[in-house]
Structure formats: structure tokens, C-alpha cells
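# Breakdown of the fold
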Amino acid sequence: MDKNFQEEQFTGIIKFTPPLYEQRYQFIKDLVGKYKPKKVADLGCADCTLLWMLKFCSCIEVLAGLDICASVMKEKMHRLSPLPVDYLQPAERSLTVTLHHGSVAHKDPCMLGFDLVTCIELIEHLEESELKKFPEVVFGFMAPSVVVISTPNSEFNPLLPGVTLFRHPDHKFEWNRAQFQSWALETARCYGYSVEFTGVGHPPTGMENVGFCTQIGVFVRKYAQTSESAQSEKPTEAVYKTVFKAVYPSLKDEKYLQNAVVSEVIFRAQIIKRSLLDRLMSEHEEYNDDPAEGKFKFQPSKNCSSEDLGKLIVEKSMGPFVDGNMVYIPLTTIFSFPKVNRLCGTFEKLCKLIAGKVTLSSDGSAVMLNTEHENEEN
């Protein structure tokens, strides 16, 4: 089911801008910007909209979704798959997205190790027995650094025309602010968290006393987990069913990194080559006004034998030059470009990645490009 659909029928009358569900998702995105979590799990992920938004956050390397309704996840989970552009331009970070079918009342080892856990409009859908187990599963077993829980504020309901009891037919309860804060404070105390209360969906002017339409608790773990507590009572048996998994192409994968480096090296070498040839052509035309001279042919920039050529290339003072019909661009010059430097890290890594993929001089210190291909390239 879509947890947002029926609620937006009511809140649309008050005209929240942007819509209330977008405000909740933006709140999570802002929190991600603050805490920079690498691993995020969304419990009760429904149609995966929040996960889809979070996959664009550059700090996140692992995303996981959990929902009791597999059909809702499957309906939109294709949005979490890599696009063609992700393969053409792999990101520098790795990203794995996984969706699980199961209940938040059950423990599964696949949900361990997360930095941030979000529970957006989830707890009000839980049966009483599930709600009792929920704190132990999330705060005791999963024990992430940060937990965000949002739930309807029942004090706001009288402002929503058409709401008689609850905002959604599947809601088992809707708490007022005192009830939610009492539950949250007791949960935080039991499991070693602090909690701050806020919300989204401001009330109309003059009705501020009812509070936010959606109330939010942000729980932050007070102490880092010890290795003993982190390993205690871990179930060895998986109870969730994995319904989707996507591993995005990443420059942390040697295959994609090599392709990116080779492309960048060739791209930079071509730019240097064209700049050099344009300059030499301009100098030639400046000193030769006789059209009878015929087509300009590039000459060696140095009078040297092939044995000496390699030595000249590796000299720090030696820049790109033309020898016969070949242009030589020192690898040190290419490595000085920020993107090449960032991709490779070290000069040795650059040499390793392009070996056999790029035409190099006999000593391997310079990229070689043929001047006769210039017209074909243009």
C-alpha cells in the first residue's frame, strides 16, 4: 500500500508546500548531509521513493529497504537499478542497493552495521505485539548510530477535513505529542540513545498550538558499540527474503577504474597534441609565406637518435614534442592533471593502469600519438 496516498488527500486541503511526504524525505536528506552515513536502511520502505532519492547522496555506499508488503516494493524497485550513464561514467564511490521482504518485529543479520535507520510513517502501522518488539529489533539489535522515526501527530487531525479517526485505514493508532515523546524517551533511555523532537508540516497561522502535522524523533546513540555487544545475540539464520539487489559500477572496481583512466589519459593527450600541432603550424606559417613550399611536414623538435629519445622524454624539463610523424606527451605531464592524479593516486598506479592499453614510447615514459591521424580526428 502507498502510505502517502490517503494522507495526501487530506493534507492537500491545507496545501502543504512542498507536499508533506516530500518534506519528510527532505528532512532525511538534510540529516544525511549532516551525519554523512555510509550505510542507510529504510524500514517500511513501501514504494522505495526515499531510497531512490538517497541513492544520489554521494556519502552513501549501502542502501537497504525493508517492507512487509513485497508487491509494493516490486512495483517501483526498477528505479533503483543502475542506468546506462552509471556504466558510461562510474561514480568514485561504490553503491549497493538491496530490498528485503520481512517484518520489523524480526531480527535478521542482514540489517546489522547500518549508520542510519529511517522509519518514516511506519510505527502507526504496527500491531501492538509488533510495536513491543520494534525497539529491541531497531535499537537493541540493529543499534545504528542514528535512528529517525516519524509518525502522525493526532493533535493536528481536527485540521484535516475528512479525517474521522485515523489518516489511513491501516493505522493501528495515532499518537499525540505527549504519547510519542513518552514512548521515545523511554525507548532512548533503555537503549542508550538521546532523542530530539521536531517535525514537518507547519500548522496554519493562529493554530501553532497543535504542533507539526508529522512529528519526528531523531535518536542518536550515546556510546559507540563495543565489539562484544555488537556480536552478542546475533541470529545465525536469515528470516528476510531478498527481493532485489543492485551493485552499481564504481571506480573502486579495477575494471571500471582502468577504463576511466585510459579514457582520461587519451583525452588529455589528444588535447595536448592538438595544442602543440596548432602552435607549430602557426609558427611555420609565420616564417614561411611562400605557398610554393607545399604542405607543411612536422620535423623532429630535437636532433637526436632513437637511443637518446627516451632519455630526453623523462627529463623534467622536457615537454611534449614532435619527432617525425609522432607526438610524444610525457606521462608526468598527463599525471599533473587533477582528475588523472585523483583517479590514480600515484604515478606508478597510472603506469600500471594504462600498460597495454595506450601506445607508449619504448621506455614507457610518454604517450605516443600519430600526427597523420589529426585530419581524420577532426
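Before reading further, recall that the structure is shown in the block above.
Residues numbered from 1 in each chain as written. Predicted model: local features only at pLDDT ≥ 70, side-chain atom pairs only at ≥ 80, totals over all residues. Heavy atoms only, no water.

Take the sheet that holds strand β10 (residues 326-330) next. The strand order across the open sheet built from 3 strands is β9-β10-β11, with neighbouring strands paired in antiparallel fashion. Two strands in the sheet have a free side with no partner beyond their single neighbour: β9 (321-323) and β11 (366-370). Taking each pair of neighbouring strands and ignoring which way they run, the sheet shows an average axis angle of 30°. Across 5 bridges, β10 lies against β11 in antiparallel orientation. Looking at the pairing, tyrosine 328 lines up with methionine 368 of β11. (Pairing = 2+ DSSP bridges. Helix = DSSP H or I, 4+ residues; strand = E, 2+ residues; numbered from the N terminus. Axes fitted to C-alpha atoms, helices over the stretch in contact; angles between N-to-C directions.)

Evaluated as defined, the whole model comprises 10 salt bridges. Here lysine 172 ties to aspartate 170 by a salt bridge, and the two come within 3.2 Å at their closest N and O atoms. Given a relative accessible area of 23%, aspartate 170 falls into the partly exposed group. The partner of lysine 339 in a salt bridge is glutamate 264, with the nearest N and O atoms 3.7 Å apart. One end of the pair, lysine 339, is in helix α12 (residues 338-344); the other, glutamate 264, is in helix α9 (residues 254-287), with 75 residues separating them in the sequence. Among the charged side chains, a network of salt bridges with common partners joins Glu264, Arg268 and Lys339. (Salt bridge = Lys/Arg side-chain N within 4 Å of Asp/Glu carboxyl O. Buried < 20%, exposed > 50% of the residue type's maximum accessible area, 1.4 Å probe, protein only.)

Our next topic: helix α2 (residues 20-35). Helical geometry note: an α-helix holds 3.6 residues per turn, so side chains three or four residues apart project in the same direction. Its 16 residues give α2 an end-to-end C-alpha distance of 23 Å, which sits within 8% of 22 Å, the value for a rise of 1.5 Å per residue. Within the span of α2, buried status applies to Leu20, Gln23, Arg24, Tyr25, Phe27, Ile28, Leu31 and Val32. Positioned one or two residues after α2, lysine 36 has a phi angle of 50°, which is positive. (Expected span 1.5 Å × (residues − 1).)

Moving on: the sheet that holds strand β1 (residues 39-43). With mixed pairing, the 8 strands of this open sheet are ordered in space as β6-β7-β5-β4-β1-β2-β3-β8. Looking at which strands have only one partner, the edges of the open sheet turn out to be β6 (193-200) and β8 (241-247). When the angles between neighbouring strand axes are averaged without regard to direction, this sheet yields 15°. Of the pairings in the sheet, the one linking strand β4 (residues 116-120) to strand β5 (residues 146-152) comprises 5 bridges and is parallel in character. The residue of β5 that forms the bridge with isoleucine 120 is serine 150.

Across a regular strand the side chains alternate sides, sitting on one face of the sheet and then on the other. For β11, the tally of buried residues reaches 5 of 5 residues, placing the bulk of the element in the interior. Both faces of β11 are covered, namely the face carrying Ala366, Met368 and Asn370 and the face carrying Val367 and Leu369.

With that settled, consider the nonpolar core. Ranked by internal contacts, the top residues of the largest apolar core, which has 41 residues, are Leu54, Ile60, Leu99 and Val148. With 6 residues, α2 is the single largest residue contributor to this core. If near-sequence neighbours (up to four positions away) are discounted, leucine 54 is found in contact with Ile28, Lys29, Val32, Val40, Ile60 and Leu63. (Core = buried A, V, L, I, M, F, W, Y, C linked by side-chain atoms within 4.5 Å. Contact = heavy atoms within 4.5 Å.)

Pairing analysis gives 6 bridges linking strand β2 (residues 62-67) to strand β3 (residues 96-101), with the strands arranged parallel. Counted as the bridge partner of aspartate 67 is histidine 101 from β3. Sheet analysis places β3 next to β8, joined by 6 bridges and oriented antiparallel. Its bridge partner being in β8, histidine 100 is matched across the sheet by threonine 242.

Now for unusual backbone geometry. A cis amide bond, omega -5°, links threonine 17 with the succeeding residue proline 18. Tracing the backbone shows proline 18 in the loop between α1 (5-14) and α2. Phi is positive for cysteine 48, which is not a glycine, with a value near 70°. Within the secondary structure layout, cysteine 48 lies in the loop between β1 and α3 (49-54). With a relative accessible area of 0%, cysteine 48 lands in the buried category.

The quantities given are spatial measurements derived from coordinates; they are silent on function.
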